[in-house]
Amino acid sequence: MTEKELPQSIQEKYRLLSRSCCGGSVHVFNIQNRRTEQQWVLRVFEKQRYEQRYIQDCLTVYRAAQKIQNPCFQQVAEIEENEEYLFVVLEYLPGVTLSSLVQREGPRKPESTIALVKQLLGLLQELRRYSPPAVFRVLEPEDIICTEDGKIKLFNSGNATVADYNHSDYTCLLLAAPGFQAPEEYAGLKAVDERTDIFHIGMIFFYMATGIDPRQYPYYTGTDTDYLRKFLPPSYPKRTVKIISRCTTPNPAARYQSYEELESALEKLERRLKFKNIFNWKM
């Protein structure tokens, strides 16, 4: 695709820099704002490759995402379409994905892990407050961008498989393969609430603390505390096992029942970690 094939409104505002990647019928380009020189990302969907419902559901997802003005969530700047293509301009996210970071460096230190988990908890809690609530059906390490200043941003992939998950009053932003997916979602249940977010957070916590991807062998299912104790580095307080296990238990009724309850548990864990580091206590 050349710059002249873009809609006039996008041509006037952005210049095409380079192709980033091509995922089958979705093309990704690096573009630049002509006035500010700020870099953005352009995703181009070939309509002929999809059913009409697919494109309509993509539009629903991206339009909902446009309303989310949170600095930790990838912003959607422009949405344009013609007979052949759907064009979406997204915020360029500098940094590395959490998956790349863990693959390169291994398990994360307790301090940085707990700090990121708390950021994630606060962000998912805020997204739930939107009307309709913005729901991540699955949150994977590839969807989390880690910046140099220790902050995170959530990558809005716009995966069209969300088309099958626009349930009731929820706007679903992401869908991915099983592994980080809560059992109630994998079973196709519509009734997902903050306990589902807590499952996602627990799995991210597990991944950062152990460096083990639950989608790959040896698998972690959220029920085997002995398995977790075996792979959890000794730098983590022992109570970490209880928190991760409670977040990731298959039964939502047995998890933490609210964001506030999990936040309280994480704050207590932070205090234990500080005492552990100061006094070299085995906790």
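All values reported here derive from a predicted model rather than from experimental measurement.

Draft legend 1. Quick peek at the side chain of Thr-240. With respect to the helices, strands and loops of the structure, Thr-240 is situated in helix 8 (residues 239–248). Residue class for Thr-240 comes out buried when judged on its relative accessible area of 0%. For Thr-240, the contacting residues outside a window of four places in its chain are Phe-205, Leu-232 and Leu-269.

Draft legend 2. Spatial organisation of the nonpolar core. Counting residues in each nonpolar core, the largest one holds 65 residues, and the members touching the most others are Phe-45, Leu-98, Leu-120, Leu-154, Phe-205, Ile-243 and Leu-262. Here this core takes 10 residues from helix 6 (residues 194–210), the largest share from any one element. In this view, Ile-243 contacts Phe-205, Tyr-256, Leu-262, Ala-265, Leu-266 and Leu-269; residues no more than four positions away in its chain are not counted.

Draft legend 3. Broad picture of the sheet that holds strand 8 (residues 144–146). Pairing is antiparallel across the open sheet formed by 3 strands, whose spatial order is 6-8-9. Pairing within the sheet leaves two strands with one partner each, and these edge strands are strand 6 (96–97) and strand 9 (152–154). Sheet topology note: the strand 6/strand 8 ladder contains 2 bridges and is antiparallel. When the bridges of strand 8 are listed, Val-96 appears paired with Cys-146.

Draft legend 4. Examining the pattern of salt bridges more closely. Scanning all chains against the criterion turns up 16 salt bridges. We note a salt bridge from Arg-34 to Glu-3, for which the minimum N-O separation is 2.6 Å. Of this pair, Arg-34 sits in the loop between strand 2 (26–33) and strand 3 (39–46) while Glu-3 sits in the segment before helix 1 (8–13), placing them 31 residues apart in sequence. With relative accessibility at 32%, the residue Arg-34 sits in the partly exposed group. Where Glu-261 meets Arg-246, a salt bridge forms, and the shortest distance between an N and an O atom there is 2.7 Å. Within this pair, whereas Glu-261 is found in helix 9 (residues 259–279), its partner Arg-246 is found in helix 8, the two being separated by 15 residues in sequence. Owing to a relative accessible area of 29%, Glu-261 belongs among the partly exposed residues under this scheme. One continuous salt-bridge network, built from bridges that share partners, spans Glu-140, Glu-142, Asp-213 and Arg-215.

Draft legend 5. Fine view of helix 6. For helix 6, built from 17 residues, the straight-helix expectation of 24 Å at 1.5 Å per residue is met to within 8% by its first-to-last C-alpha distance of 24 Å. Counting buried residues along helix 6, 15 of its 17 residues qualify, which places the element largely inside the surrounding structure. Two or three places before Arg-195, at the opening of helix 6, Asp-193 has a side-chain oxygen 3.0 Å from that residue's backbone nitrogen. One or two positions beyond helix 6, positive phi appears at Gly-211, with a value near 80 degrees.

Draft legend 6. Inspection of the packing of aromatic side chains at higher detail. In the structure shown here, the tally under the stated rule is 10 aromatic pairs. Measuring from ring centre to ring centre gives 5.8 Å for Tyr-85 and Phe-87, while their planes differ by 55 degrees; the resulting arrangement is tilted. Under the relative-accessibility criterion, Phe-87 is labelled buried at 0%. Measuring from centroid to centroid gives 5.9 Å for Tyr-220 and Tyr-227, while their planes differ by 20 degrees, and the two rings are stacked. We classify Tyr-227 as buried; its relative accessible area is 12%. What links up through ring pairs into an aromatic cluster is the set Phe-206, Tyr-220, Tyr-227 and Phe-231.

Rules and cut-offs
Residues numbered from 1 in each chain as written. Predicted model: local features only at pLDDT ≥ 70, side-chain atom pairs only at ≥ 80, totals over all residues. Heavy atoms only, no water. Helix = DSSP H or I, 4+ residues; strand = E, 2+ residues; numbered from the N terminus. Buried < 20%, exposed > 50% of the residue type's maximum accessible area, 1.4 Å probe, protein only. Contact = heavy atoms within 4.5 Å. Core = buried A, V, L, I, M, F, W, Y, C linked by side-chain atoms within 4.5 Å. Pairing = 2+ DSSP bridges. Salt bridge = Lys/Arg side-chain N within 4 Å of Asp/Glu carboxyl O. Expected span 1.5 Å × (residues − 1). Polar contact = N/O pair within 3.5 Å; in protein donor to acceptor, adjacent residues only side chain to side chain. Phe/Tyr/Trp six-rings, centres within 6.5 Å; stacked < 30°, edge-to-face > 60°.

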